[in-house]
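Structural features, examined
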Amino acid sequence: MTTDKPAALSIDVPWGTDTIRVTNISPHLPADSTDSHVAAVTAAGRANPSTWLPDTAWGAIARATTWPEALAVQLRPTQDEPTDLLMVENVEGATLLSVVTRVLLSELFPGPQPRTGMEVSEVPDPQVHGITHEGRPGAIVQYRYENPAHLRNHVWQTIHATLSLNSYATSILTRSVTRNLITHPVEIAFEDGAEPIHVLVVRDGITRLASAWAVLAGHGADPAEVATLATDALLGSASAAGTAAGPDLGERLAASRTRWRQELRQEFHDEMKGTTPGLRAAQIAQSYVVPAQIAVGVEGHEGRVLSPEDIFDDAIRSVLASVHVEFKQWDAAAQNVEVITRALKRIIQQGDPRWNTADLQAVYGLAVGRIPVAELPQVFGGDPAPPGTALWRAVYLVSALTQPDLLELLKDQAKAIKGGQRMSMKGFGELLGPIIDLPWRAKKKLVTKQARNAWNNGGVLSNDVTQGWTPQPTDDFTALIAPAMNGDDDARRTLAVAGGVALIADKLLTRNVGSSLGAKREKGGVPFRSDVNKVIEGLSRPTNELGLWTLALAANTFRSDDLPQNSVPRQSLTGRESATSAEPPYVYFKVDLDAPDRIARDANGVPMPLYEWDVVAASAPERAAQAVPPSTVTGPAPVQVPAVPSANGETVLVDGGVSTSASSGEVPVTTDPVTALFQDGAAQRAEDALSTVPIPAPRAEDAPPPPSQRAAAHRKALHLGVQGARDALDHLHALEPEVGDHTPIVPVDQLDDLHKLLVGILTDVENLRRRTVENHVAEGDDPESDESQEAVLD
């Protein structure tokens, strides 16, 4: 007697305001792999001469799959062909060997991608290192995180950022994930000494992975809630598994995920007991398992210039590039990061005797962020050594990557990767932009688009800069002006790159367009059209003292952790400046060669802000004078600048007010009632106060309080609530520059809901105000009625 297998179900379930038809719901969830399954898969992997992985990596693969027996069969070599049952894929420079199976969602970790690597992120990607065995590459890499918290934050950020861009949740709920995720094993190591772990990582299909978690979380869950669910499931408390689960951190985490799945499986079982399964059963069934292609072996091609430890990662990146260039493209910046870093890595592996391999590795480490900015003095050394700042990182990177012979090789390799026939200097500048802005990308994200457009227009790559030069370290860039004017080309090019990078990064030098010619200087106008690299070339001419001072002061002013007031990325509707930094305001000033400190001031002695107009004009003063007569140039609009001592010892403020506290070095702060209302901490005080607002409730033995008393309590709650909302919005504005570029500070759908709510509140408040005014007028409380009544009484 045989028992028929229970048929899959198809049901209709609610998903938000829609009804979704969910197809092929299995009545059972697959069981977890046992120790015997892990042993069988490991033995099969060891026996295959084409696949080498550490035993712990085979264990991670075996735990992840829902059909370990079939996986072991794929791995067993046949007499005729060792790779007969493995999927064989030829990519650039290597052959990848993979198994195709179905894996548990809760065993898949999201991996870094070029798409996210070039974006603004609070949490940096891990360092990636290849792993070899007996001189041969393995289908595995090492991800090196600072500590377990870095791993947890990176997983959360990847899921959250992905869902903020796109989600396939509705499609996955309907028919589950249908296309294979590209995955491979990874050793996760920690720099703080924590035990390493082996996991399975997704390299392509991150959106499908995140969307499956969104299905499991439910329709009402926002990306932050989905990211928290996924992170807690993947990296739940390692200590909760107890010592019985094994002494290894990876084993304890695996036991934690196993317990999580047991709870989910029990929830699914309870849901399936009913006559008709509900929404929760559909969510679990459609997201519990996903199809995957797991790379388990790699073979480098003959003549490959890459070293064994780089072959596998480069092959995987080649697969991703082919998918996202031909099928679903990354944006231009992501492609540029991929091209320039791979091109540099190829040159390193060629072992050209013209360059020291260790030096090129250091340049590569700086470019991809493996070497932190603070280590710049140790990397380049010298006497004096360069300051460990983000701006000096940019100077040394540009200097290294534009050495004439290396520059031509980089362009050749970049053309080969991109498949192009030629590459201009503007095209090379386009590649440099996304690696130069890495240290300040998060803090200056509001002007990143304009800065990268400037790099696409040539950036700092003037004809002079690309001739080969050596940076001249200094703590004061103005000290390089005299040598630059006296024939020191290294000093002059250092000024050109440092000042140019600063001006581009802070939107004071952009790819100006035709409309800029007719705009006012404070609105981004320019006196004449010119490519960005031509402006840099003009500013750095040895006879252009005005241009050299403009570059030097810009480099001295530059901050990597903030935006200057000159760039005006947004304007405060309340007229209040954010108080995110205790440092003086960050402002670039216009140059006046006749002033003792070379800073131009207006008639009141207030420093004049620098505009792009001034930068472009300084690159060719004669041309600027001919293009726009001085009489037609509008004066600069005032901006908030630090207080400037006047001749009589008083402090002259921007608005013309005078403070007598200059001698003490303090600038008095004026606080008006509106400003006091929005002081820091108001949101917390409002939240604390809301819980204690006395809203009387009726008692059974007494009459309820009069409506006027209850109204008074609700008025207070309304005021505190609005005040708290205002303060929360100010905090969101202050945090916006730090939040990842691919993640909105508030999602659009939530903004739409807030907008509707606020419009409703505003309408109700206005109606109340009008009715109150009308009632006062009707009762004779308006001023005219008062005067008439007084006349009658007199």
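The sections below set out a description of the structure shown in this document. (Residues numbered from 1 in each chain as written. Predicted model: local features only at pLDDT ≥ 70, side-chain atom pairs only at ≥ 80, totals over all residues. Heavy atoms only, no water.)

**Considerations on the pairing of strand 10 (residues 289-300)**
Of all twelve residues in strand 10, ten are buried, a share of seventy percent or more. Sheet topology places strand 4 (residues 94-104) next to strand 10; eleven bridges connect them, and they run antiparallel. Paired with Val99 across the bridge in strand 10 is Ile294. Judged from the three bridges that link them, strand 8 (residues 181-190) and strand 10 form a sheet pairing that is parallel. Residue pairing in the sheet places Thr183 in a bridge with Ile294 of strand 10. (Buried < 20%, exposed > 50% of the residue type's maximum accessible area, 1.4 Å probe, protein only. Helix = DSSP H or I, 4+ residues; strand = E, 2+ residues; numbered from the N terminus. Pairing = 2+ DSSP bridges.)

**Focus: helix 8 (residues 223-234)**
The end-to-end C-alpha distance of helix 8, which contains twelve residues, comes to 16 Å, matching closely the 16 Å that a straight helix rising 1.5 Å per residue would cover. Every buried residue of helix 8 is listed here: Val226, Ala227, Ala230, Thr231, Ala233 and Leu234. In an axial view of helix 8, the angular spread of the buried residues amounts to 165°, which keeps them on one side of the axis. Next to the buried residues of helix 8 lie strand 5 (108-110), helix 5 (148-165), helix 7 (206-217) and helix 9 (249-272). (Expected span 1.5 Å × (residues − 1). Arc of directions from axis to C-beta. Contact = heavy atoms within 4.5 Å.)

**Quick notes on the side chain of His198**
Assignment of secondary structure puts His198 in strand 9 (residues 197-204). Polar contacts involving the side chain of His198 include one to the side chain of Thr56, which spans 2.9 Å. Discounting residues that sit within four places of it in the chain, His198 has contacts with Pro54, Thr56, Ala57, Ala60, Arg63, Ile140, Val186 and Glu187. (Polar contact = N/O pair within 3.5 Å; in protein donor to acceptor, adjacent residues only side chain to side chain.)

**Side note on a nonpolar patch on the surface**
Taken together, the side chains of Leu718, Val722, Leu751, Leu754, Leu757, Leu758, Ile761 and Val765 present a nonpolar region at the surface, about 690 Å² in accessible area. Elements that contribute at least two residues to the nonpolar patch include exactly helix 27 (707-735) and helix 28 (748-778). For the nonpolar patch, the leading source of residues is helix 28, giving six residues. (Patch = residues over 30% accessible without salt bridge, like charges linked within 9 Å, V, L, I, M, F, W, Y side chains within 5 Å. Areas by Shrake-Rupley, 256 points an atom, 1.4 Å probe, with all protein chains shown as cover. Salt bridge = Lys/Arg side-chain N within 4 Å of Asp/Glu carboxyl O.)

**Section: the nonpolar core**
Among the nonpolar cores identified, the biggest contains 92 residues, and Leu75, Ile188 and Trp213 are the most heavily contacted of them. If one sorts the elements of this core by residue count, helix 7 sits on top with eight residues. Listed in part, the 86 residues of the second largest apolar core include Tyr364, Ile436, Ala484 and Phe558. (Core = buried A, V, L, I, M, F, W, Y, C linked by side-chain atoms within 4.5 Å.)

**Quick word on the side chain of Asp614**
Locating Asp614 in the fold gives a position in helix 23 (residues 612-619). Here Asp614 is in contact with Arg521, Lys590 and Pro609, once residues within four sequence places are set aside.

**Focus: unusual backbone geometry**
Cis rather than trans, the peptide bond between Asp383 and Pro384 has omega equal to 5°. Inspection of the secondary structure assignment puts Pro384 in the loop between helix 14 (376-380) and helix 15 (390-401). In this structure, Asn24 is a non-glycine residue whose phi angle is positive, near 55°. Residue placement: Asn24 occurs in strand 2 (residues 18-25). Phi angles above zero are rare outside glycine, and Glu134 is one such case at about 55°. Locating Glu134 in the fold gives a position in the loop between strand 6 (127-133) and strand 7 (136-145). Accessibility expressed as a relative area gives 72% for Glu134, which makes it exposed.

**Observations regarding the pairing of strand 2**
In this sheet, strand 2 lies alongside strand 1 (residues 9-15) in antiparallel orientation, the contact comprising six bridges. The residue of strand 2 that forms the bridge with Pro14 is Thr19. In sequence, strand 1 turns back onto strand 2 through a hairpin of two residues, with Gly16 there showing a positive phi of about 70°.

**Some thoughts on the pattern of salt bridges**
The tally for this structure, following the rule as stated, stands at 27 salt bridges. Between Arg265 and Asp32 there is a salt bridge, and its shortest N-O distance comes to 3.4 Å. Of this pair, Arg265 sits in helix 9 while Asp32 sits in the loop between strand 2 and helix 1 (35-47), placing them 233 residues apart in sequence. Through salt bridges with shared partners, one network takes in Asp32, Glu107, Arg257, Arg261 and Arg265.

Coordinates in, geometry out; function isn't part of it.
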